[in-house]
Amino acid sequence: MAGTRTDQIITSESAKNQQAIELNSRKISESIALPQMELVAARSFLIHSQSMFSLLPETERDAIAVIVFVGTFFVALTIGRFLKRRAGVRLGVLFQLFCLTSAFYAAIAVYGVHASWRNHVGAAVILLSTALVIALVNRYVWDLYFEKKRQTPIPHFLREVVGGVIFLVALLFILSSGYHAEAQLTGLLAGSGIVAIIIGFAGQNFFAGIIAGISIQINRPYKVGDWLQVGERFAEVMEINWRSTRLRTNDAIYLDIPNNEMVSHAIVNLHYPTEVHAMRIRVGVEYKNPPNRVKDALFRATSSADGVLAEPKVKIFLVDFADFAVIYEIKFYMGNHARINEINDAVRTNVWYELKRQRITIPFPIRTLHLERRAVRTVQEDQDEARAILRDEALFECLSDAQIDNLVKQSPVNNFGRGERVIQEGAEGDSMFVLLRGAAQVSVSKNGSSIAVATLNAGDCFGEMSLLTGERRTATVQAESDCYVMEIGKPVMAEVIRDSPECLERLSELLARRKLENEGVIKEAASQGQNEKKEREYQASFLKRLRSFFEL
């Protein structure tokens, strides 16, 4: 009985163990079968996807392949630029070819092109070998031939375009010869041609600007720093890029002009072949003035203007007989065009003052009524002021009031503008000046530089040595402000001296005394006797020169 119960217990335990083993086996089988089912499902999904992709129209398959190609290329290129900018990793042409190769294989994988590993290896070798071809083109075509031999810089954009074309030719060759995709290429090129036509019409101005930019970079009609005349504007070239040219006017206004517009208009380069170029200004004067006299006045005024080059010389042309004036054109040369406003201002200012001194009138249009209502300083007032100044001047002490009055009435009052030279050191002269109003600076040349030695104010006289002896000017007198100056010339002074020959003795004494003062003899002489001897010698010399100069 006990043995039977024991057998039953053993049998029961065996059954339980058998059930546990079967349960574990079932779980193991299920755990093994689950990944297999997932793998089968994945395979079936992939096969289903490929069959679905193969069922798509050919044009849509081509478009998807192109999208994958472009997307893969730009994603890889973006990663490379991120590494270059943020991490400082230098990536060159090989990385770009790697991006293109990756995009190529991604596109053919999506498209479903199957080939042996030899074809893939050969395609990769050919694609990567284009780096050598591009490097040779850059070295021997762009660097040696264009830039070194022809002195023509090649823009980086053009180099990249040519490199892309070389890679594209290699890619088409691989697809045609290695993968036998002529039919697909034909459809793709046909679809791409339609897309290219659409893009071409939409962005024709954009591409025209790029092509024009390449042409400008190669032909170099202008460069950065040149001054151009574009239409009615004058502007400096600040930047030339692949799309546009950036200019800056004298008013610091920036102009961004597309390159296709730059090449379609006439452009005047004021800095080619050198910065020296001519400018022209027109001025009209009354008909009563002789042309040669006007030309001489305009020539003097323009030649002395700040910024006008001495060579080539200024030229004056009579260009028109207008309704109310004779029109003259001034042609002068300048350097850097950046100072055009200042130079034009200096020329026009000098012209006004010179014409005013020569009593040459710039007329008002005959259709304009000009009313002068403000108080004008009269000639009589200027003469009264000059008469008072001359009466206090030692040189004219020997003259009577009538003689001084006659001297003043026959001497013109001229107007000199700020910065103009009243007299020039070394120039010939036979007149003296009385400064009625304004201020002027006296300077002399020493070792190639100008040294200021004195300042003249209203009531001062200068230039008397040239008036009395005909000596060249010994200093330069330049107006610091607008100056009104009476000029006493040799003919007027000669008439006065002929009426009073006794003045020659007094004038020779004064000139001898001033010469001694200028030479510093009085301060440096050892004895009074030496001073007197020197003074007598100078006096005799000046007396002789006065008689000879005034033909007495």
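Given the structure is predicted, the values throughout are model-derived calculations rather than measurements. (Residues numbered from 1 in each chain as written. Predicted model: local features only at pLDDT ≥ 70, side-chain atom pairs only at ≥ 80, totals over all residues. Heavy atoms only, no water.)

**Q** Sorry if this is basic, but what is going on with the packing of helix 12 (residues 401-409) against helix 14 (residues 490-499) here?
**A** Two numbers describe a pair of packed helices, the interaxial angle and the distance between the axes. Across the interface, helix 12 lies against helix 14 with an axial gap of 9 Å and an inter-helix angle of 165°. The angle between helix 12 and helix 14 places the two elements in the roughly antiparallel class. Considering only the axes of helix 12 and helix 14, their crossing is right-handed. On the side of helix 12, the interface is formed by Q403, N406 and L407, while helix 14 contributes V492, M493, E495, V496 and D499. In the contact of helix 12 with helix 14, the residues fall into four nonpolar, two polar and two charged. (Axes fitted to C-alpha atoms, helices over the stretch in contact; angles between N-to-C directions. Helix = DSSP H or I, 4+ residues; strand = E, 2+ residues; numbered from the N terminus. Parallel < 35°, antiparallel > 145°, perpendicular 65-115°, else oblique. Left-handed = near helix turned anticlockwise from the far one by under 90°. Contact = heavy atoms within 4.5 Å. Nonpolar A, V, L, I, M, F, W, Y, C, P; charged D, E, K, R; others polar.)

**Q** Looking at this structure, I do not really get the environment of Y272. What am I missing?
**A** Along the chain, Y272 falls in the loop between strand 5 (267-269) and strand 6 (277-285). Sequence separation of Y272 and Y222 is 50 residues, and the distance between their C-alpha atoms is 7.9 Å.

**Q** So what exactly am I meant to see when it comes to the nonpolar core here?
**A** Generally speaking, nonpolar side chains in soluble globular proteins are found buried as a group. Among the nonpolar cores identified, the biggest contains 36 residues, and F396, L468 and M493 are the most heavily contacted of them. Breaking this core down by element, the ones donating at least two residues are helix 11 (379-392), helix 12, strand 11 (431-437), helix 13 (464-469), strand 16 (483-489), helix 14, helix 15 (503-519) and helix 17 (528-549). Apart from the residues lying within four places of it in its own chain, the contact partners of F396 are L390, R391, I404, L407, M432, I488 and M493. If you look at the next biggest cluster of nonpolar residues, it comprises 24 residues, including M279, V294, I316 and I340. (Core = buried A, V, L, I, M, F, W, Y, C linked by side-chain atoms within 4.5 Å. Buried < 20%, exposed > 50% of the residue type's maximum accessible area, 1.4 Å probe, protein only.)

**Q** Before we go on, may I ask you to explain the sheet that holds strand 13 (residues 449-456) in this structure?
**A** Paired through their backbone hydrogen bonds, the strands of a sheet run either parallel or antiparallel. The four strands lie next to each other as 10-15-12-13, forming an open sheet whose pairing is antiparallel. Each edge of the open sheet is held by one strand with a lone partner, namely strand 10 (421-423) and strand 13. Neighbour to neighbour, the strand axes of the sheet diverge by 35° on average, direction disregarded. Relative to strand 15 (residues 476-479), strand 12 (residues 440-446) runs antiparallel, the two sharing four bridges. Across the sheet, A440 pairs through a bridge with A479, a residue of strand 15. (Pairing = 2+ DSSP bridges.)

**Q** Looking at this model, I keep getting lost on the pattern of salt bridges. Mind explaining?
**A** Opposite charge on two side chains lets them pair, provided their charged atoms get close. Overall, the coordinates contain 17 salt bridges when judged by the stated rule. When the shortest N-O distance is used, the salt bridge between R248 and E236 registers 3.3 Å. Note that R248 is positioned in strand 3 (residues 244-249) and E236 in strand 2 (residues 233-240), a separation of twelve residues in sequence. On the basis of relative accessible area, R248 is assigned to the partly exposed category, the value being 27%. Taking the shortest distance from any N to any O, the salt bridge between D256 and R246 comes out at 3.6 Å. Of this pair, D256 sits in strand 4 (residues 254-258) while R246 sits in strand 3, placing them ten residues apart in sequence. Here D256 falls in the partly exposed class, since its relative accessible area comes to 37%. For R246, a relative accessible area of 34% translates into the label partly exposed. A network of salt bridges, in which partner residues are shared, links R300, E354, R357 and E420. (Salt bridge = Lys/Arg side-chain N within 4 Å of Asp/Glu carboxyl O.)

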